[in-house]
Amino acid sequence: MTNIYNDILKFKSESKKLLAILLDPDKVVLENLVVLISKINQSSATHIFIGGSQVKTNILDELITIIKQNSNLPIVLFPGNPSQISDKADAILFLSLISGRNSDFLIEHQVKAAPRLKEIQLEIISTGYILVDSGSETAVERISKTKPLERNNLDLALATAQAGEMLGNKLIYLEAGSGAKRAVPLEMIQIVSKNTEIPLIVGGGIIDLHGIKQAYDSGADIVVIGTAFENDINFFDIALSSAVYSKD
Ligand code: 1GP
């Protein structure tokens, strides 16, 4: 069985960059899914993340089954709450919202999810999730009822990431929020990546290849793209002819 986290570590050790496409089950139209997946397969994506802050529909298992029938990419759950667990996926980002002080998102949801996760075979990847101010309220902020970290408070962002690493998180995720008007500041990516050892995910508000490249150049190991691909399934076509990133 492949170990997704070990593969991420291996890529990081080789200074290779990874690209995750985020699919929100509430926004995916099942009838269009096969076309969507073929676009993903043609892109430089290395992972498919599945989740959202407020998944209301109950199509998770079906969605993942169809993706698995049509793609070999690893499928990683990125859950907004404990109901978003499916044994059809390969792994789960076991998130703790360490930028916030809402105990529900620090530990309560994890306690609720643990018995189910013990029953199934998902690879669990402990992830310190850090929400960064993007200039206006995002769904994560609204639903988690936590304040994002200020954009210019680099010391606090770094201390938060380091605390997550010391607590045993295997990944740090710097998040501006889905559809954010402003992505995570590059200086924040730089300081966190330089001063932590574990792989760094960056997402939220990255809408073009330039933004992806800037995040990589600043030290992101994995960039997550959701809204830009939702808005335009041809978003990655241009990437095929680009040397910005590579999964080879
Ligand atoms: C959201 O980081 C992801 O959790 C992706 O954000 O939808 O803005 O690409 P976007």
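Everything numeric here is computed off the predicted structure, so don't read it as measured data.

### Examining the sheet that holds strand β5 (residues 123–131)
Pairing is parallel in the closed barrel, where eight strands are placed in the order β1-β2-β3-β4-β5-β6-β7-β8. The sheet shows a mean angle of 30 degrees between the axes of neighbouring strands, taken without regard to direction. Looking at chain direction, strand β6 (residues 171–175) and strand β7 (residues 200–203) are connected through four bridges and run parallel. Opposite L174, over in β7, you have V202 as the bridge partner. Its contacts with the sheet put helix α1 (residues 4–13) on β1 (18–23), β3 (75–77), β4 (91–97) and β5, and the angle it makes with β5 is roughly 60 degrees.

### Considering the UniProt feature "binding site: sn-glycerol 1-phosphate" (unreviewed entry) in the chain
As annotated by UniProt and renumbered to match this structure, "binding site: sn-glycerol 1-phosphate" (unreviewed entry) occupies Y173, L174, E175, A176, G177, S178, G179, G204, G205, G226 and T227. Within the fold, Y173 resides in strand β6. Note on Y173: 26 C-beta atoms within 10 Å, which makes it buried. Leave out the neighbours within four places in its chain, and Y173 touches T127, G128, Y129, I130 and I201. Note that G205 resides in the loop between β7 and α8 (209–218). In this structure G205 comes out as buried when scored by C-beta crowding, with 22 C-beta atoms within 10 Å. Those residues in contact with G205 that sit more than four places away from it in its chain are S134, A176, A180, K181, R182 and A183.

### Quick look at the site of the ligand
If you check the shell around the ligand, you find 14 residues, and the closest are S178, G203, G204, G226 and T227. Those elements giving two or more residues to the shell around the ligand turn out to be β8 (222–225) and α9 (227–231). Split into classes, the residues belonging to the shell around the ligand amount to six nonpolar, seven polar and one charged.

### Considering the UniProt feature "binding site: Mg(2+)" (unreviewed entry) in the chain
UniProt's entry tags D24 and S53 with the feature "binding site: Mg(2+)" (unreviewed entry), counted in the numbering of this structure. These annotated residues cover 30 residues of sequence, and their C-alpha atoms lie no more than 8.8 Å from one another, placing them together at a single site. Along the chain, D24 turns up in the loop between β1 and α2 (33–42). Residue class for D24 comes out buried when judged on the 21 C-beta atoms lying within 10 Å of it. Those residues within four positions of D24 in sequence are excluded, and the remaining contacts are G52 and G226. S53 sits in the partly exposed class, given 19 other C-beta atoms within 10 Å. Residues contacting S53, with those up to four places away along its chain left out, are G80, A139, V140 and I143.

### Considerations on helix α4 (residues 103–119)
The end-to-end C-alpha distance of α4, which contains 17 residues, comes to 24 Å, matching closely the 24 Å that a straight helix rising 1.5 Å per residue would cover. Along α4, the sharpest kink reaches roughly 40 degrees, centred on A113 and followed within four residues by the proline P115. Looking only at α4, the buried set comprises F105, H109 and A113. Looking at the buried residues of α4, the elements they touch are β4 and α5 (139–144).

### A few points about the packing of helix α7 (residues 186–194) against α8
In contact at an axis separation of 8 Å, α7 and α8 are set at 30 degrees when each is read in the N-to-C sense. Regarding the angle of α7 to α8, the classification is roughly parallel. The handedness of the crossing between α7 and α8 comes out as right-handed. The residues of α8 that touch α7, namely those facing L186, I189, Q190 and S193, are Q214, A215 and S218. A breakdown of the residues in the contact of α7 with α8 according to their chemical character gives three nonpolar, four polar and no charged.

### Observations concerning the nonpolar core
Core analysis: the largest hydrophobic core is formed by 67 residues, its most contacted members being A20, I21, I48, I50, I130, L174 and V223. Ignoring any residue separated from it by four or fewer positions in sequence, one finds I21 in contact with I40, A45, I48, F49, I225 and F229.

### Looking at the packing of helix α6 (residues 154–167) against α7
Packing of α6 against α7 brings their axes to within 9 Å, and their N-to-C directions diverge by 40 degrees. When the axis of α6 is compared with that of α7, the two are oblique. Here the hand of the crossing between α6 and α7 comes out right-handed. Contact with α6, carried on its side by L154, A157, L158 and A161, involves E187, M188, I191 and V192 of α7 and no other residues of that element. For the contact of α6 with α7, the residue count by class is seven nonpolar, no polar and one charged.

What counts, and where the lines are drawn
- Residues numbered from 1 in each chain as written.
- Predicted model: local features only at pLDDT ≥ 70, side-chain atom pairs only at ≥ 80, totals over all residues.
- Pairing = 2+ DSSP bridges.
- Helix = DSSP H or I, 4+ residues; strand = E, 2+ residues; numbered from the N terminus.
- Axes fitted to C-alpha atoms, helices over the stretch in contact; angles between N-to-C directions.
- Contact = placed C-beta atoms within 7 Å.
- UniProt positions renumbered as here; feature names shortened; annotations may be inferred.
- Buried ≥ 20, exposed ≤ 12 C-beta atoms within 10 Å, placed from the backbone.
- Near = placed C-beta within 6 Å.
- Nonpolar A, V, L, I, M, F, W, Y, C, P; charged D, E, K, R; others polar.
- Expected span 1.5 Å × (residues − 1).
- Bend = angle between axes of the 7 residues up to and from the residue.
- Parallel < 35°, antiparallel > 145°, perpendicular 65-115°, else oblique.
- Left-handed = near helix turned anticlockwise from the far one by under 90°.
- Core = buried A, V, L, I, M, F, W, Y, C linked by C-beta atoms within 7 Å.

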